[in-house]
Amino acid sequence: MARTIAVGEQDFSKIIEKNYFYVDKTDFIKEWWENGDTVTLITRPRRFGKTLTMRMVEQFFSIRYAGRKNLFENLSIFKEETYRTLQGTYPVLFLSFANVKADNYKEAREGIIQEIVDVYDQNAFLMNYVGLTDHEREVFYKVNENMSDMTAARSLLRLSGLLSKYYNKRVILLLDEYDTPMQEAYVNGYWEQLVGFIRGLFQAAFKTNPYLERGIMTGITRISKESIFSDLNNPVSATVTSRKYATAFGFTESEVRRALEEFQLSDQEAEVKRWYDGFTIGACNHIYNPWSITQFLDNREFKPYWANTSSNRLVTKLIRKSDIRTKLIMEDLLQGNSFYTVMDEEIIYADLDTKKSAMWSLLLSGGYLKVLQTVKNRRGKVEYELSLTNREVILIFDEMVTGWFSNNRLNYSDFSDALLSGDKKFMNEYLNAIAAETFSYFDTGVGLSEWKQPENFYHGFILGLIADLRGIYNVSSNRESGEGRYDVLLEPYDPQIDDGIILEFKVFHPNRDNSPEHTVQTAIRQIIDKKYAVSLNKRCDLDRIRIYGFAFKGKEVLIDGGYLREFDRLK
């Protein structure tokens, strides 16, 4: 009989005691312990079993779980006498920043302080230890919700010292989801405030802590040493491209196969693979997201379970500000293609607004992208070939792309419907309403220098509006056709039903154009003169090709056009 799926349960001891479904990952303990690294930073996508594994490590080493060998007796780690003896022999401090998600610095600091206060409360028994000095007791009581930054920074160091004194043994320190508050800080604009506070805490806890035996930090991103780890002796990082601990988080193909057998779903293996396989960790190419697999085992239904696990606000913020090339790459990814890029897995938050590769690093560490291969370019730099991870991720990513331009009061699919039907009046009314609702002074480039290229903003915005047409059209942008490069071309998958469509965008310039009407006619004439319809005509009859010019003047938009036959014929 198949075991019960305890969806979302992250208490290792409860899972084992109640014999809930569990994939044995205790070999991680042996691998980590024998590597001997003082501080280890492990980054994996969300819902990849990080918290459960950290709880497993805590309950293996913690003196609080001495005498609880029953939790591990049927698991791989207890095959060796060394580890049977090691279990339950260290003082362990466990903290999680997973819930520190605040809109401002004050609340973020309060969230971190509360985590520290909670771990102090868990060790309040130390106040009964006769070996403590009056000063040590005084310092202990200073750790509270109103403590100073100085007290907070040294709090984990001091608690480590008290535990080490009590047990006569150095401490293992575990910090789960260390980067959550920092991602929120960047999104909400208080990064500089938070980073100083975090740096002081990490330095005292992980670097200058003489009572530290070993430490593990987990998260999604590897934040740069310059940002928060400058005072640490380089923590050993195990990212999604590292070979270390490659199978310790996530399910391997053989583990998924055994799970399907247990739940009598072996006949679904190929479809499970199509939906949920594809994560690449180090040299392991077939890693599955545990959340999606357990949800499928429980519900026996194929759907994107991973979609509802995070808001991904950091990635969304960067994508909203991305240039047209980035949006074109996204279109290719959604069509099953890959691309090459040079990137650094180390995230420097100060560079996120200017470094184009930063977003790809975030999407890779977040699990949306996978590495197909690495090659060296002519300059000797390593380039990563990246693609979307699997079918589940494609569906989620597609929804995210559409969502980047979401608006609570305007239904963006209305524009697609108007474009399909050729309703220019509605297209003009609708797009002007959206422009007034959405465009900002800086988005549109009003008052900015020429090199800011406001055309890129408009181009990307229209791509977002028509994202839901990808099931009907092959949407391509900025490709060569005829004697130039069109802005957007929609090639119908069924030309007997749907028209081919070409869109050209122009920004009104008072020194060049008499009026927006003149600008829009210039756009239409460019489509004709540059023969952009040549590539489309290979699939569509000329009588089924429509062309539209878009003129943008700040928040004003003018659209004109119609069937190509209404204008000049191709020359």
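Residues numbered from 1 in each chain as written. Predicted model: local features only at pLDDT ≥ 70, side-chain atom pairs only at ≥ 80, totals over all residues. Heavy atoms only, no water.

Describing helix α8 (residues 155–167)
Inference 1: For α8, built from 13 residues, the straight-helix expectation of 18 Å at 1.5 Å per residue is met to within 8% by its first-to-last C-alpha distance of 18 Å.
Inference 2: Every buried residue of α8 is accounted for by Ser 155, Leu 156, Leu 157, Leu 159, Ser 160, Gly 161, Leu 162, Leu 163 and Ser 164.
Inference 3: Where α8 is buried, its residues meet β2 (92–96), α5 (105–122), α6 (134–142), α7 (149–153), β3 (171–176) and α10 (191–207).
Inference 4: Just downstream of α8, Asn 168 is the residue with a positive phi angle, here 55 degrees. (Helix = DSSP H or I, 4+ residues; strand = E, 2+ residues; numbered from the N terminus. Expected span 1.5 Å × (residues − 1). Buried < 20%, exposed > 50% of the residue type's maximum accessible area, 1.4 Å probe, protein only. Contact = heavy atoms within 4.5 Å.)

Points about the pattern of salt bridges
Inference 1: Counted under the stated rule, the structure contains 27 salt bridges.
Inference 2: When the shortest N-O distance is used, the salt bridge between Glu 136 and Lys 165 registers 3.0 Å. Placement of the pair is Glu 136 in helix α6 and Lys 165 in helix α8, with a sequence separation of 29 residues.
Inference 3: The residue Asp 499 makes a salt bridge to Arg 546 at a minimum N-O spacing of 3.0 Å. With Asp 499 in the loop between β17 (488–492) and β18 (500–507) and Arg 546 in strand β19 (residues 545–553), the pair connects residues that are 47 residues apart, well separated along the chain.
Inference 4: With a relative accessible area of 7%, Asp 499 lands in the buried category. (Salt bridge = Lys/Arg side-chain N within 4 Å of Asp/Glu carboxyl O.)

A closer look at the pairing of strand β12 (residues 369–376)
Inference 1: With seven bridges connecting them, β12 and strand β13 (residues 382–388) associate as antiparallel partners. What sits directly across from Lys 370, in β13, is Ser 387. (Pairing = 2+ DSSP bridges.)

Details of the packing of helix α12 (residues 253–262) against helix α13 (residues 269–276)
Inference 1: Interhelical geometry of α12 versus α13 gives an angle of 135 degrees and a closest axis separation of 11 Å. Classed by the angle they form, the pair α12 and α13 counts as oblique. Helix-helix and strand crossings are classified by hand; for α12 and α13 the assignment is right-handed. Residues Glu 253, Val 256, Arg 257 and Leu 260 of α12 form the contact with α13, whose participating residues are Glu 269, Val 272 and Lys 273. (Axes fitted to C-alpha atoms, helices over the stretch in contact; angles between N-to-C directions. Parallel < 35°, antiparallel > 145°, perpendicular 65-115°, else oblique. Left-handed = near helix turned anticlockwise from the far one by under 90°.)

Side note on the sheet that holds strand β20 (residues 556–563)
By way of backbone hydrogen bonds, the strands of a sheet pair with one another, either parallel or antiparallel.
Inference 1: Pairing is mixed across the open sheet formed by five strands, whose spatial order is β14-β17-β18-β19-β20. Since the sheet does not close on itself, it has two edges, and those belong to β14 (473–477) and β20, each with one partner. Pairwise comparison of adjacent strand axes, ignoring direction, gives a mean angle of 15 degrees for this sheet.
Inference 2: With eight bridges joining them, β18 and β19 adopt parallel strand pairing. Residue pairing in the sheet places Val 507 in a bridge with Phe 552 of β19.
Inference 3: Against the sheet, helix α22 (residues 516–529) touches β18, β19 and β20, its axis set at about 145 degrees to β19.

Everything listed here is a matter of coordinates, which is why it stays silent on function.
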